[in-house]
Amino acid sequence: MTPHAAKLVLGLIAVACAGAALGKSSDRQQTMQVQANRSDCTVTDSGPCVLTGAVHIVQGSLVIDAARADLRQADGEIRAAKLTGSPVRLKQAMDNGGTMNATAAQVDYDLQQDTVVFTGGASVQQPGRGSIAGERIVYNMRTGQVQGGGGSEGGRVTLQFEPRNRTPARGTPAPDSDGNDD
């Protein structure tokens, strides 16, 4: 891969993935490592860059695994990224200490619109906060809005909300200071 192509790949993935799932903000300042079985990148300011075969991206706590990453730019600016896989898997630490896990058959980043669209058996889980699953989940990085849909065949979106201050059910002993019930 040429230095310009490597810059394109790293720049696009860094920008695209940085805000994708409300992950750890310091990850954006970390070095990114990208591995794939093959790369095909155009060295112009408007060319595509396609990574295929066991695409593995790590930046700080962010880890992405996909079968393919198709990265697009225009006028030297990163515009879009499409990750596909069986499924695409994303994992990232959260600023609040939890971990976000997401899977989908396809993940599309539109950097001009600041949106991320998870499609095909999409699931985003944030332990301690909740989860959303459906055929399509849209996350607006600018506003923080998340929309989910069950697909065109009458499917449903599933949401789970965790209480902020979970207390033991009545009659259930509270764990002692070491976290055990004894």
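These numbers come from a predicted model, not from an experiment.

Conventions used here
Residues numbered from 1 in each chain as written. Predicted model: local features only at pLDDT ≥ 70, side-chain atom pairs only at ≥ 80, totals over all residues. Heavy atoms only, no water. Helix = DSSP H or I, 4+ residues; strand = E, 2+ residues; numbered from the N terminus. Buried < 20%, exposed > 50% of the residue type's maximum accessible area, 1.4 Å probe, protein only. Areas by Shrake-Rupley, 256 points an atom, 1.4 Å probe, with all protein chains shown as cover. pLDDT = per-residue confidence, 0-100. Contact = heavy atoms within 4.5 Å.

Caption draft 1: Spatial organisation of the overall build of the protein chain. Counting its secondary structure elements, the protein chain contains one helix and 10 strands. Along the protein chain, from the amino end to the carboxyl end, the secondary structure elements read α-β-β-β-β-β-β-β-β-β-β. Looking at the 182 residues of the protein chain, the share that counts as buried comes to 34%. As displayed, the protein chain offers around 10500 Å² of accessible surface, 46% of which is attributable to carbon and sulfur atoms.

Caption draft 2: Fine view of the confidence of the model for the protein chain. Residues with a pLDDT of 70 or more make up 75% of the protein chain, whose mean pLDDT is 76. Confidence drops under a pLDDT of 50 for residues 1-21, and excluding neighbours within four residues, the segment shows 58 contacts in the predicted structure. Here residues 175-182 is a poorly scored stretch, pLDDT under 50, and it has five contacts once near neighbours within four places are set aside; other chains count.

Caption draft 3: Broad picture of the environment of glycine 98. Here glycine 98 is to be found in the loop between β5 (77-93) and β6 (99-110). Of the residues examined, glycine 98 reaches a relative accessible area of 19% and is grouped as buried. Along the sequence, glycine 98 and proline 127 sit 29 residues apart, while their C-alpha atoms lie 6.4 Å from each other.

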